[in-house]
Amino acid sequence: MKRFRHRLLPALCLTCLFPAAVSAMELCNLRKTPDGFVALRAGPGPRHRLIARMKPEDLVQYGEGREGKWVEVTWWRGDSGLERDGFSKGIHGWAFAPLIAEDCG
């Protein structure tokens, strides 16, 4: 038990020192676009393969990757991420950051 406490305490302290890491767990909405979708791409940029066409009502979660104005995300169609076992069904890709709601990430 003593060993466990020594490992847990530093992890808890990091959470206090880096609240941005905790906010990364926030689910974000997408902005409305003229063509009605936001591209989920295999890499950071418009030249990368299109994985999916995300709709404004869909949810994304920021990942660790950032390159220019592109961010790594996990995507759930509609509110499927909130369904039972739905969180594990997210699809990983890259999105253009200005198309994700400002109040997120």
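Here the structure is a predicted model, which is why all the values come from computation and not from measurement.

What counts, and where the lines are drawn
- Residues numbered from 1 in each chain as written.
- Predicted model: local features only at pLDDT ≥ 70, side-chain atom pairs only at ≥ 80, totals over all residues.
- Heavy atoms only, no water.
- Helix = DSSP H or I, 4+ residues; strand = E, 2+ residues; numbered from the N terminus.
- Buried < 20%, exposed > 50% of the residue type's maximum accessible area, 1.4 Å probe, protein only.
- Contact = heavy atoms within 4.5 Å.
- Areas by Shrake-Rupley, 256 points an atom, 1.4 Å probe, with all protein chains shown as cover.
- Phe/Tyr/Trp six-rings, centres within 6.5 Å; stacked < 30°, edge-to-face > 60°.
- Lys NZ or Arg CZ within 6 Å of the ring centre and 35° of its normal.
- Core = buried A, V, L, I, M, F, W, Y, C linked by side-chain atoms within 4.5 Å.
- Pairing = 2+ DSSP bridges.

Engineer: How do you make sense of the overall build of the protein when you look at a structure like this?
Structural biologist: Of regular secondary structure, the protein possesses 2 helices and 6 strands. When the helices and strands of the protein are listed from N to C terminus, the series reads α-α-β-β-β-β-β-β. Buried residues in the protein amount to 33% of all 105 residues. For the protein, long-range pairs separated by at least 24 residues make up 52% of all intrachain contacts whose partners lie at least 6 apart in sequence. Carbon together with sulfur atoms contributes 58% to the accessible area of the protein, which is approximately 7500 Å² in total.

Engineer: What is the right way to read the packing of aromatic side chains from this model?
Structural biologist: Where two aromatic rings form a pair, the distance of their centres and the angle of their planes describe that pair. One pass over the structure, following the stated rule, counts 1 aromatic pair. Lying over the aromatic face of F37, R53 brings its terminal NZ or CZ to 4.5 Å of the ring centre.

Engineer: What is the right way to read the nonpolar core from this model?
Structural biologist: The tendency in soluble globular proteins is for nonpolar side chains to be buried side by side. Counting 14 residues, the largest nonpolar core has M54, V60, V73 and I100 as the members making the most contacts within it. At the level of secondary structure, the elements contributing two or more residues to this core comprise β2 (38-41), β3 (50-54), β4 (59-67) and β5 (70-76). Here the element with the most residues in this core is β5; it accounts for 3 residues.

Engineer: Teacher, can you tell me more about the pairing of β2 here?
Structural biologist: Taken residue by residue, a regular strand's side chains alternate between the two faces of the sheet. Neither face of β2 is left uncovered, since the one carrying V38 and L40 and the one carrying A39 and R41 both have all their residues buried. Direction of pairing for β2 relative to β3: antiparallel, over a ladder of 4 bridges. The residue bridging A39 from the neighbouring strand is R53, located in β3.

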